[in-house]
Amino acid sequence: MTKSFLFGAAALAATLPMFAQDLPPEEPQPAPRPDSFKASVARWSNNAKGAVSLYYDDNCPSHLEFAIPTLLRHHIPGTFYVCPGNWQGTNSWLGLKWQEAAKNPEIVLGNHTWNHKGANNVDELRATVTQADRALRELLGLKPDALISFAVPGGVPWTVSQAEVEAVMKETKSVVRQGWGDAMANGRNCPQASAGGVFTSDEAIARTLDRAEANGSWQSILFHGVGGDWFAFDAAEHDRFVAECSKRMADGRLWIAPTISVQKYIAERDSASISAVSSSEDGGGEFLLTVNTPFEVYDVPLTIVATVPFEWQSVRISSHGLDFKVPAKAGRVVFEVPPRSGTVQISKDR
């Protein structure tokens, strides 16, 4: 190796530090953000894993004495399927009792026909459903187009076709409730799968909660008597079961809701779509929510799940003329919007 080569290399090396010092400083690079902003309608309200409804049939006296106080104490809703025709004459005071109970948002009344005597033909069907419907709307002050959950009475004649039932449901703005209990696992609606029949303890009923949570389904549990009356279920075990419902709801694992609320949410969710999704520079975004159910009837808020930058802790939502803040966690935000079409904007809370 020649001396001239060594000299040249050394000279070049000596100039490098000076050359580096003359370079302009590097500009700070923006923090990485998601490739694309994403948003979706949650399967269940509050983005719960599953949904559960509690049914109470036949306006049993024990509902007023045991079941309702327990639900109110734990802030868990229940749907009580009542027969207003049974409140006539000397029992008229019962109507006032149920009216008072239904002032609580956790207590929802459903149509169980006028007098629980069944229907041998479409005329009897229409009469018994319509009479009960009118009485309930008057009792609760419901609008004519408000939806009411309906339950077919058991143990009585019901010799009407499904088409006839559907026609009367449409006339009265009613919605037939879904099945309940273990029979639902096989897609069957077995009249014996009630709390007073197959289920004998709160532990047994808890398996239905597990099912809803595990497979993301909507499960329903039916009670008749609670602490008394017919098909009686132990009041203390009912209390423990409702407490378990409350715990799972507080943990965000299950949405415990009146059956009509779940029915509305499903209709809204299945009609809803998200389009025109765009990302903002800071990692938030905007989208168009389209909901094809009439807001005057379907009024249960829809839950939206959206991605945000991982470091965000608080997010501002602008939607339907509302502006509010919600917490973000681990790159995700969950919030509710009215079930109406409109633009939704998500940005960092500054």
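Residues numbered from 1 in each chain as written. Predicted model: local features only at pLDDT ≥ 70, side-chain atom pairs only at ≥ 80, totals over all residues. Heavy atoms only, no water.

Draft legend 1. Focus on the overall build of the protein chain. Broken down by element type, the protein chain carries eight helices and 15 strands. Burial analysis of the protein chain (350 residues in total) assigns 46% to the buried set. A separation of at least 24 residues holds for 73% of the contacts in the protein chain among residues at least 6 apart in sequence. Carbon and sulfur atoms form 55% of the exposed surface of the protein chain, whose accessible area is close to 17,900 Å². (Helix = DSSP H or I, 4+ residues; strand = E, 2+ residues; numbered from the N terminus. Buried < 20%, exposed > 50% of the residue type's maximum accessible area, 1.4 Å probe, protein only. Contact = heavy atoms within 4.5 Å. Areas by Shrake-Rupley, 256 points an atom, 1.4 Å probe, with all protein chains shown as cover.)

Draft legend 2. Here's a closer look at the packing of helix H4 (residues 122–140) against helix H5 (residues 162–172). Between H4 and H5, the least distance of the axes is 10 Å, while the angle of their chain directions is 25°. Classed by the angle they form, the pair H4 and H5 counts as roughly parallel. When you trace H4 past H5, the crossing you get is right-handed. Between H4 and H5, the contacting residues are Val 122, Leu 125, Arg 126, Val 129, Thr 130, Asp 133 and Arg 137 on the first element and Glu 164, Val 165, Val 168, Met 169, Glu 171 and Thr 172 on the second. (Axes fitted to C-alpha atoms, helices over the stretch in contact; angles between N-to-C directions. Parallel < 35°, antiparallel > 145°, perpendicular 65-115°, else oblique. Left-handed = near helix turned anticlockwise from the far one by under 90°.)

Draft legend 3. Spotlight on the packing of aromatic side chains. One pass over the structure, following the stated rule, counts nine aromatic pairs. With centroids separated by 5.6 Å and ring planes inclined at 90°, the aromatic side chains of Tyr 55 and Tyr 81 adopt a geometry described as edge-to-face. Here Tyr 55 is found in strand S2 (residues 50–57), whereas its partner Tyr 81 is found in strand S3 (residues 78–82), with 26 residues between them in sequence. What links up through ring pairs into an aromatic cluster is the set Tyr 56, Phe 80, Trp 98, Phe 223, Phe 233 and Phe 241. (Phe/Tyr/Trp six-rings, centres within 6.5 Å; stacked < 30°, edge-to-face > 60°.)

Draft legend 4. Main features of the pairing of strand S13 (residues 322–329). One ladder, built from six bridges, connects strand S12 (residues 314–319) with S13; its direction is antiparallel. When the sheet's bridge partners are listed, Arg 316 is paired in S13 with Lys 325. Hairpin connection between S12 and S13: a loop of two residues separates the two successive antiparallel strands, and His 320 in this loop has a positive phi of roughly 50°. When S13 meets strand S14 (residues 332–337), the two strands line up antiparallel, connected through two bridges. Opposite Lys 329, over in S14, you have Arg 332 as the bridge partner. (Pairing = 2+ DSSP bridges.)

Draft legend 5. Layout of H5. Of the residues making up H5, those classed as buried are Val 165, Val 168, Met 169 and Thr 172. Angular distribution of buried residues about the axis of H5 spans 105°; they occupy a single face of the element. For H5, exposure combined with an orientation more than 90 degrees from the buried face picks out Ala 163 and Lys 170. Residues of H5 that are buried in the fold lie against H4, strand S5 (148–150) and strand S6 (174–176). Positioned one or two residues after H5, Lys 173 has a phi angle of 55°, which is positive. (Arc of directions from axis to C-beta.)

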